[in-house]
Amino acid sequence: MHVSDTEQKDFLLAVEGLTVSFDGFKAVNDLSLYVDENEIRVIIGPNGAGKTTVLDLICGRTRPTDGSIRFSGQELTGMREHEIVHAGVGRKFQNPSIYEDLTVFENLELSFPRGRNVFGALFFRRDAEVRDRVEEVAELIFLKDHLDTEAAILSHGQKQWLEIGMLLIQSPKLLMLDEPVAGMSVGERIKTAELLNTIIRNQSVIVIEHDMKFVEDIAHRVTVLHQGKVLSEGSMERVKHDPKVIEVYLGH
Amino acid sequence: MQSPMHSDSTFFSRQGWLSFVVLAAILLLVLPAAFDIFRLNLIGKYLTYAFVALGLVLCWGMGGILSLGQGIFFGLGGYCMAMFLKLEASTPEATKIQSTPGIPDFMDWNQLTELPVWWQPFHSFGFTLVAIIAVPALFAFVIGAAMFKRRVGGVYFAIITQAVAAIMTILIIGQQGYTGGVNGITDLRTLLGWDIRTDDAKLILYFVCAALLLGCVLLAQAINISKFGRLLVAMRDREDRVRFSGYDVSNFKIFIFCLAAAFSAIGGAMFTLQVGFMSPSFVGIVPSIEMVIFCAVGGRLSLFGAVYGALIVNAAKTSFSESFPELWLFAMGGLFIAVVMAFPNGLAGLYREHAEPWLRRLLKRSVARPAVAAAANTAN
Amino acid sequence: MIGDYTFGEFTSILAMQGFAGLILFSVFVLMALGLAIIFGQMGVINMAHGEFMILGAYVTYICSHIVTEYVPGLFPVYFFIAMALAFVAAFALGVLVEWGMIRFLYRRPLDTLLATWGLSLILQQVYRSVFGAREVGVTLPDWMMGSIALTDMIEIPINGLFVMALTLIVSFAVYFILFRSAWGKQVRAVLQNRVMAGAVGINTKRVDALTFGLGCGIAGIAGSAFTMIGSTGPTAGQLYIVDTFLVVVFGGAGSLIGTIASAFTISQAQSTMEFFMSGSMAKVLTLLTVVGILMLRPQGLFTLNIRR
């Protein structure tokens, strides 16, 4: 235990030997992945490569059949979803998952990390601290002027930002974003890339993305998944020229 | 810029207070003035169902958890109260013709010779009051914890609660020596020596019931506008997002289910006091699902709607079964279908869509006639 | 209590109770098969399922009357006609209900539950207005009445055997229709991906209506079988609906084998316990056990672990 702690000290997230099988089908197969502090890691891969499943496994939505997930010294496998969130892992879903009936302000407020148990929620007060923090995050996600807008009428890109904001307000150490720029205009993509580059002063980010231009803009390192396994890993440049990757993914 | 949404609404909005005052005026002034004690007692009985409907608004309307077993909790509350009253009515003097004096009559008829141990604590009024809330809430906690911790919800939860309601009825009817069987616990007379069968007592009990109901409305509204209320709706629509924002979703569901159970139980206890008996016919599948329709007719998202829904449906039921008993099931069946297919937000939804805009226009035209608004509001 | 009987007597009791359980099992299976199709394949909660069963029972009752009145010569075989008619009647009503109500509610399962409950109330009142509140029974042809003596202690009633044979046939037919026929493939395709199924040319609306009708029709057959072991009243269906739902959920919705196995377990448990305690306590214990197990294993007994 102690030994492995010192071994993995440098990594924020260390995934080792991760396997999950659904009735014999191994969606993720003996996968290992290490993410540094303040790193932006992009996971790419063809459809069905197991990208989303990896995020599901890390955030506890799916239970692994085998393997370990260590996150800043804590073992995540076996922890419940909300405990993993409390440990500092935030997760954005593939389709924007926000509370459509509520305003942008209320969406962010519900994600504010206080009053997260039953009685805390009953006696939660909207004080200056909450208001300041919500406004601060809203500014970061370009929605400062839309605080009182009902989330349902935001544009698709704005919804994506809002969900990212709902993660940011929790100040997680690791953000996991599943296709954050899907459905965004070019301008919105550039702003999102800016946003991610601002964020990583304090936190690490794992992104699943198909948009290669965007990947090149943000990625520190790229992991290519194929059939539940790591096919290649390294800088975008290196991955792009890896013949194995070209074969299964980039080259048509 | 600080908009009203933006600042924390510490309690009710202005409109919320207005609706509350109107409801209070109807329950405490209009109805007692308009009806004789016999009808008022009936209304008091209907109001006991409003407690259940109120719980269902929180649990089903807001939280998306449909319980088809609210009769269980209504019954548990009612039986707790009935057990206390029955023990008080079964003094050795009053029951000296029995072969075992001092125990409830139905026990004697079923050849029981002493009071069962679990009946003993119901000699104490304090214990009974605690039990009325605690027993149903605890039972709801057990069901809720078992189901919600395993992520069982939706129709599965509905079916399981319905099955539990069925089990409960069969058990009560089957164990008649301990429960009074199919007739229930009847012939209740006094509460701490105070005769509950007189007109005066019925009037007082009506006001107690109405006041308790208003208290529960306030409590429910307080929850509704707290962060808890927003979380409930969020959980109903985006359970995973709430979970991955660091909330233990199951705890919230358990809490609201227990609260709904406690509300129902208060209703049940008030039912026993006002009607003078409690029987398994208020526990099983049919009464439980009828309670859902009270809530649905009033509007599953409206606390005030739930109260009006319970009143209106029950009043309709009484007048129908008095004049056209064979039509009642048609009407009830039609109501279930209509409320689902034609107006899913119930009376409250109709009010908001049709009456409110009209009202607003009216108010604009003549600001100096607030009485009209109050009168029209009663239609909510 | 077991000590009062000799070993031989005891096994005979078990066999007799087991057989009584088998008849209950047959009605359960027929009811549950229909529900398993509607709930398991379509995800619709049909609380009026019991009333569809009772429709079948009343159709059988009407047939028995008409045949004795007008064509007594057909009496020995009328039951087969009645059963076919029961299926047709329940099927037709099912298609009508799907068209008029269910199809608007596919995305709102809890609302379907309430609406079909309303439907069940209306049907109950219709039955009461038409047939009266009193329970009615049918006269069985003579050949169905007797029983076969296996040993001098164990007797098997012929109508019981008949019901079981019928159950077997219907179960195989359902299995064949759903899992071996082209139409069944369409049903499952619609269930798994409505949009894609529509896109490849399946008439999803027609499939929905026919699937719902089929489920209801099987309930009608169940009703026909039900007349042999009990009398029919307007609210008799309501007594079975919760049990049937538990059977389906317990077996794991969507699994026919699971449905049959769970119907067997529940009916056998109940009828065996009924011998040793009062009927109501046997039922309470059975239901409690089922609910208890469902709380521990909410997905039912026979559900596969699928990718979410």
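Caption draft 1: Spatial organisation of the overall build of chain A. Check the secondary structure of chain A and you find eleven helices and ten strands. Referenced to the eigenvectors of the C-alpha coordinate spread, the extents of chain A come out at roughly 55 × 45 × 35 Å. In chain A, which comprises 252 residues, the proportion classed as buried is 46%. Relative to all contacts within chain A whose residues are 6 or more apart in sequence, the contacts with residues 24 or more apart total 66%.

Caption draft 2: How the structure looks around the overall build of chain B. When helices and strands are counted, chain B shows 16 helices and two strands. Whereas a compact globule of 380 residues would reach a radius of gyration of roughly 21 Å, chain B reaches 22 Å, a difference of no more than 12%. Taking all 380 residues of chain B together, 50% fall into the buried category. Sequence-distant contacts in chain B: of pairs separated by 6 or more residues, those separated by 24 or more amount to 79%.

Caption draft 3: Quick peek at the interface of chain C and chain B. Listed as interface residues are 32 residues of chain C and, on the opposing side, 35 residues of chain B. For the side of chain C that touches chain B, the secondary structure elements donating two or more residues are α4 (109-131), α10 (236-251) and α12 (279-296) of chain C. When residues in the side of chain C that touches chain B are grouped by element, the largest group, 14 residues, is from α4 of chain C. Class assignment for the residues of the side of chain C that touches chain B results in 24 nonpolar, six polar and two charged.

Caption draft 4: Inspection of the environment of Lys 364 of chain B at higher detail. All names here are of chain B. If you trace the backbone, Lys 364 turns up in helix α15 (residues 346-365). Looking at Lys 364, the number of C-beta atoms within 10 Å reads 8, which means it is exposed. When the C-alpha atoms of Lys 364 and Phe 320 are compared, they prove to be 40 Å apart, with 44 residues separating the residues in sequence.

Caption draft 5: Here's a closer look at the sheet that holds strand β6 (residues 89-92) of chain A. Residue and element names in this part refer to chain A. Pairing within the open sheet is mixed, and its six strands lie in the order β6-β7-β8-β3-β9-β10. Edge positions in the sheet fall to β6 and β10 (229-234), since each of these pairs with one other strand and no more. Between one strand axis and the next, the sheet turns through 20° on average, direction left out of account. Bridge count for strand β7 (residues 174-178) against strand β8 (residues 204-208) is five bridges, and the pairing is parallel.

Caption draft 6: Expanded view of the pairing of β8 of chain A. Residue and element names in this part refer to chain A. Judged by how many residues are buried, β8 sits mostly within the fold: five of five residues are covered. Alternating residues of β8 divide into Ser 204, Ile 206 and Ile 208 and Val 205 and Val 207, and every residue in both groups is buried. Inspection of the sheet shows strand β3 (residues 40-44) paired to β8 by four bridges, in the parallel sense. Among the inter-strand pairings, Ile 43 is bridged to a residue of β8, identified as Ile 208. As a crossover connection, the stretch from β7 through helix α8 (residues 186-199) into β8 is right-handed.

Caption draft 7: Representation of the packing of helix α5 (residues 125-148) of chain B against helix α11 (residues 249-275) of chain B in the model. All names here are of chain B. Contact geometry of α5 with α11 gives a least axis separation of 8 Å together with a crossing angle of 150°. Judged on the interaxial angle alone, α11 and α5 are roughly antiparallel. Viewed along their axes, α5 and α11 form a crossing whose handedness is right-handed. When α5 is examined against α11, the residues Ile 132, Ile 133, Pro 136, Ala 137, Ala 140, Phe 141, Gly 144, Ala 145 and Phe 148 are found in contact with a partner set consisting of Ser 250, Lys 253, Ile 254, Phe 257, Cys 258, Ala 261, Ala 262, Ser 264, Ala 265, Ile 266 and Ala 269.

Caption draft 8: Spatial organisation of the nonpolar core. Residues and elements named next belong to chain B. Among the nonpolar cores identified, the biggest contains 294 residues, and Ala 50, Ala 53, Leu 54, Leu 56 and Val 307 are the most heavily contacted of them. A per-element tally of this core places α11 first, with 19 residues. The residues contacting Ala 50, other than those within four sequence positions of it, are Leu 213, Ala 306, Val 307, Ala 310 and Leu 311.

Caption draft 9: Just the sheet that holds strand β5 (residues 74-75) of chain A, in detail. Residue and element names in this part refer to chain A. Taking strand neighbours across the sheet as the criterion, the four strands line up as β2-β1-β4-β5 in an open arrangement whose pairing is antiparallel. Of all strands in the sheet, those bounded by a partner on one side alone are β2 (25-36) and β5. Looking at chain direction, strand β4 (residues 66-71) and β5 are connected through two bridges and run antiparallel. Bridge pairing in β5 links Arg 70 to Glu 75.

Caption draft 10: View of α4 of chain C. Here α4 of chain C is 23 residues long and its end C-alpha atoms lie 32 Å apart, about the 33 Å a rise of 1.5 Å per residue gives. Positive backbone phi, at 85°, marks Gly 132 of chain C, one or two positions downstream of α4 of chain C.

Caption draft 11: Focus on the confidence of the model for chain A. On average, residues of chain A score 87 in pLDDT, and 95% of them are at 70 or above. In this model residues 1-6 of chain A is a low-confidence stretch, pLDDT under 50, and it forms one contact with partners more than four residues away in sequence or in other chains.

Caption draft 12: Highlighting the confidence of the model for chain B. Residues and elements named next belong to chain B. Per-residue confidence for chain B averages 88 on the pLDDT scale, and 93% of its residues sit at or above 70. Per-element averaging of pLDDT across chain B places helix α16 (residues 370-377) at the bottom with 48 and α11 at the top with 96. Predicted confidence is poor over residues 1-10, with pLDDT under 50, and the contacts of this stretch with residues over four places away or in other chains come to eleven contacts. Scored below 50 in pLDDT, residues 371-380 makes 18 contacts in the model with residues more than four places away or belonging to other chains.

Caption draft 13: How the structure looks around the pairing of β6 of chain A. All names here are of chain A. The side-chain alternation of β6 yields two buried faces, one formed by Val 89 and Arg 91 and the other by Gly 90 and Lys 92. Note: β6 against β7, four bridges, orientation parallel. The residue bridging Val 89 from the neighbouring strand is Leu 174, located in β7.

Caption draft 14: Fine view of helix α14 (residues 325-341) of chain B. All names here are of chain B. Its 17 residues give α14 an end-to-end C-alpha distance of 25 Å, which sits within 8% of 24 Å, the value for a rise of 1.5 Å per residue. Those residues of α14 that fall on the buried side of the exposure criterion are Leu 329, Met 332, Gly 333, Leu 335, Phe 336, Val 339 and Val 340. Buried residues of α14 fall within an arc of 145° about the axis and therefore sit on the same side.

Caption draft 15: Quick look at unusual backbone geometry. Of note in the backbone geometry, Phe 142 of chain A takes a positive phi value of approximately 65° without being a glycine. Mapped onto the fold, Phe 142 of chain A is located in the loop between α6 (128-140) and α7 (156-168). Phe 142 of chain A sits in the partly exposed class, given 18 other C-beta atoms within 10 Å. Phi at Arg 151 of chain B takes a positive value of approximately 65°, unusual for a residue other than glycine. Within the fold, Arg 151 of chain B resides in the loop between α5 and α6 (154-174).

Definitions and limits used
Residues numbered from 1 in each chain as written. Chains lettered and ligands numbered in written order. Predicted model: local features only at pLDDT ≥ 70, side-chain atom pairs only at ≥ 80, totals over all residues. Helix = DSSP H or I, 4+ residues; strand = E, 2+ residues; numbered from the N terminus. Buried ≥ 20, exposed ≤ 12 C-beta atoms within 10 Å, placed from the backbone. Contact = placed C-beta atoms within 7 Å. Rg over C-alpha atoms; globule rule 2.2 N^0.38 Å. Nonpolar A, V, L, I, M, F, W, Y, C, P; charged D, E, K, R; others polar. Pairing = 2+ DSSP bridges. Axes fitted to C-alpha atoms, helices over the stretch in contact; angles between N-to-C directions. Right-handed = clockwise from strand over helix to strand, strands pointing away. Parallel < 35°, antiparallel > 145°, perpendicular 65-115°, else oblique. Left-handed = near helix turned anticlockwise from the far one by under 90°. Core = buried A, V, L, I, M, F, W, Y, C linked by C-beta atoms within 7 Å. Expected span 1.5 Å × (residues − 1). pLDDT = per-residue confidence, 0-100. Arc of directions from axis to C-beta.

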